[in-house]
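Geometric and topological summary
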Amino acid sequence: MAKGDDALRRKKNKSLRKKASRSSTVSTRVAAIIASKKRRKSGLRRMCQGMCFSLPTPDDPFNDRFDKDHNLIKNKPKSVAKTESLPVEESPKRVTGGDGSPESLSKFLIMCVKEIQDAWVKEGSFDSNVSGFLLASSWGIEFWKSCRFSGLDMLVKGRGDCLGREHVAWVVSTASDMVAGMEKDGLTIANPFLLYIVPSHEKAVQVRAVCKPLKALGVHTVSLHEDASLDHQVRGLKSCEPEFVVSTPERLIELVSLGAIDISDVSLLVLDGLESFVKCGFAEKITAIRKHISGKTQTVAFNDCSARESVSLVKTLLRGSVCRLSIDDPTTTKKALKV
């Protein structure tokens, strides 16, 4: 075979290999090598390749072209990403913890308050222009701070027998945040965690309605009152382990005596309207309920500031140092006072 024919054959085989490589699927590594070779031949390189492997040229004898481009990119002002911010009233606030250290509203607390408010907006029973945003409540923030970090029994005074639903929203959201905090710390939580005592079945239904949106966040609530069948409530308590229980004193005593519910390890006891309990003749039942709670519990009692009939009941329920809070003026919080 002549030398010229051999050269033609090698050239033909090379072209055949190129065609085969284009038609066949190559690995990622081989494809990267081929792409890098093409860039070198065309004079187009990546920034990192220019910084690491570029050589001096007559146009750039000191090889500083890529450094200049790098500095331009480095000094280029960064664009600020647009983020959807909460309204001013709903933005998290900085508050002070019970030990004097700065604490910000927890994310879970904000989620609970917003979940309740969104449910009211959806049902058309909430107007921010009239009521204002729940997260802007100075009383709610002060209550959460005192209840969450002090660990003391609380006496909350206001004008009226029972709490409004805005105050109830903060109470149950604070309790939910306490549950989330204990779970985060790996502590065992006994059910029910919150025992919310109300003077009437109407009030029990109202409190249960406020707690209902929290079910989406994993907090279940059961209401116990005389208008429902006792057997139905017994079966309901056996089928679930609610974190919150809202009950009237009479029905709770019945269920405890039947062994349908165990309240010995309740962590948070809320008494909504001590004056109403005294007027309805429930003072002895409230005292009996408190005696059934043998574990370490935090008691929060709401009382009318003008009521004198409930003074003896307050002294029986709240022991040791007590944190006092006013609904009308939350800035006048007094802590570590004897009842």
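Below, the structure is looked at part by part. (Residues numbered from 1 in each chain as written. Predicted model: local features only at pLDDT ≥ 70, side-chain atom pairs only at ≥ 80, totals over all residues. Heavy atoms only, no water.)

**Considerations on the environment of H167**
Along the chain, H167 turns up in helix 8 (residues 165-184). For H167, a relative accessible area of 21% puts it in the partly exposed group. Between the alpha carbons of H167 and W139 there is a distance of 8.2 Å; along the sequence they are 28 residues apart. Ignoring sequence-local partners within four residues, the contact set of H167 consists of W139 and I327. (Helix = DSSP H or I, 4+ residues; strand = E, 2+ residues; numbered from the N terminus. Buried < 20%, exposed > 50% of the residue type's maximum accessible area, 1.4 Å probe, protein only. Contact = heavy atoms within 4.5 Å.)

**Observations concerning the packing of helix 8 against helix 9 (residues 201-211)**
Between helix 8 and helix 9, the shortest axis-to-axis distance is 9 Å and the interhelical angle comes to 60°. Between helix 8 and helix 9, the interaxial angle falls into the category oblique. In the packing of helix 8 onto helix 9, the handedness of the crossing is right-handed. Residue-level inspection shows R165, V168, A169 and V172 of helix 8 in contact with helix 9, the latter providing K203, V207, V210 and C211. Tallied by class, the residues present in the contact of helix 8 with helix 9 amount to six nonpolar, no polar and two charged. (Axes fitted to C-alpha atoms, helices over the stretch in contact; angles between N-to-C directions. Parallel < 35°, antiparallel > 145°, perpendicular 65-115°, else oblique. Left-handed = near helix turned anticlockwise from the far one by under 90°. Nonpolar A, V, L, I, M, F, W, Y, C, P; charged D, E, K, R; others polar.)

**Regarding a negative patch on the surface**
A surface patch of like charges, here negative, comprises E202, E226, D227 and E250. With respect to the secondary-structure elements, E202 resides in helix 9. Take E202: its relative accessible area is 42%, and that puts it in the partly exposed class. (Patch = residues over 30% accessible without salt bridge, like charges linked within 9 Å, V, L, I, M, F, W, Y side chains within 5 Å. Areas by Shrake-Rupley, 256 points an atom, 1.4 Å probe, with all protein chains shown as cover. Salt bridge = Lys/Arg side-chain N within 4 Å of Asp/Glu carboxyl O. Lys, Arg positive; Asp, Glu negative; His and termini not counted. Charge placed at Lys NZ, Arg CZ, Asp CG, Glu CD.)

**Some details on unusual backbone geometry**
The amide bond that connects N191 to the next residue, P192, takes the cis arrangement and shows omega of 0°. Summarising the element assignment, P192 is placed in the loop between helix 8 and strand 4 (194-197).

**Description of the pattern of salt bridges**
Two side chains with opposite charge may pair up if their charged atoms get near one another. Scanning the entire structure with this criterion turns up six salt bridges. One salt bridge connects D177 with R148, and the closest N-O pair in it is separated by 2.9 Å. Remark: R148 occurs in helix 7 (residues 138-150) and D177 occurs in helix 8; sequence separation between them is 29 residues.

**Things to note about the side chain of S247**
Mapped onto the elements of the fold, S247 is located in strand 6 (residues 244-247). Apart from residues no more than four positions distant in its own chain, S247 is found in contact with Y196, I197, V198, L224 and L252.

**Quick look at the pairing of strand 8 (residues 298-304)**
Counting buried positions over the seven residues of strand 8 gives seven, a clear majority of the element. Because side chains alternate across strand 8, one face comprises the buried residues Q298, V300, F302 and D304, and the other comprises T299, A301 and N303, equally buried. Across five bridges, strand 3 (residues 153-158) lies against strand 8 in parallel orientation. The partner of V156 across the bridge, within strand 8, is F302. Taken together, the five bridges between strand 7 (residues 268-272) and strand 8 define a ladder with parallel strand orientation. Across the sheet, V270 pairs through a bridge with V300, a residue of strand 8. (Pairing = 2+ DSSP bridges.)

**Some details on the packing of aromatic side chains**
Each aromatic ring pair is characterised by the separation of its centres together with the angle its planes make. Within the structure shown, the criterion is met by five aromatic pairs. Their ring planes at 15° and their centres at 5.2 Å tell us that W139 and F143 sit as a pair that is stacked. Pair noted here: W139 and F143 are both in helix 7, with a separation of four residues, about one helical turn. For the residue pair W139 and F143, the accessibility class agrees, reading buried in each case. Aromatic side chains W139 and F302 sit 6.5 Å apart centroid to centroid with 45° between the ring planes, which places their arrangement in the tilted category. Here W139 is found in helix 7, whereas its partner F302 is found in strand 8, with 163 residues between them in sequence. Comparing W139 with F302 shows no difference in burial state: the two are buried. Among the aromatic side chains, those forming a connected cluster through ring pairs are W139, F143 and F302. Just above the ring of F149 sits the side chain of R148; from NZ or CZ to the centre is 5.9 Å. Between the NZ or CZ atom of R165 and the centre of the ring of W120, over which it lies, the distance is 3.9 Å. (Phe/Tyr/Trp six-rings, centres within 6.5 Å; stacked < 30°, edge-to-face > 60°. Lys NZ or Arg CZ within 6 Å of the ring centre and 35° of its normal.)

These values are about where atoms sit, not about what they do.
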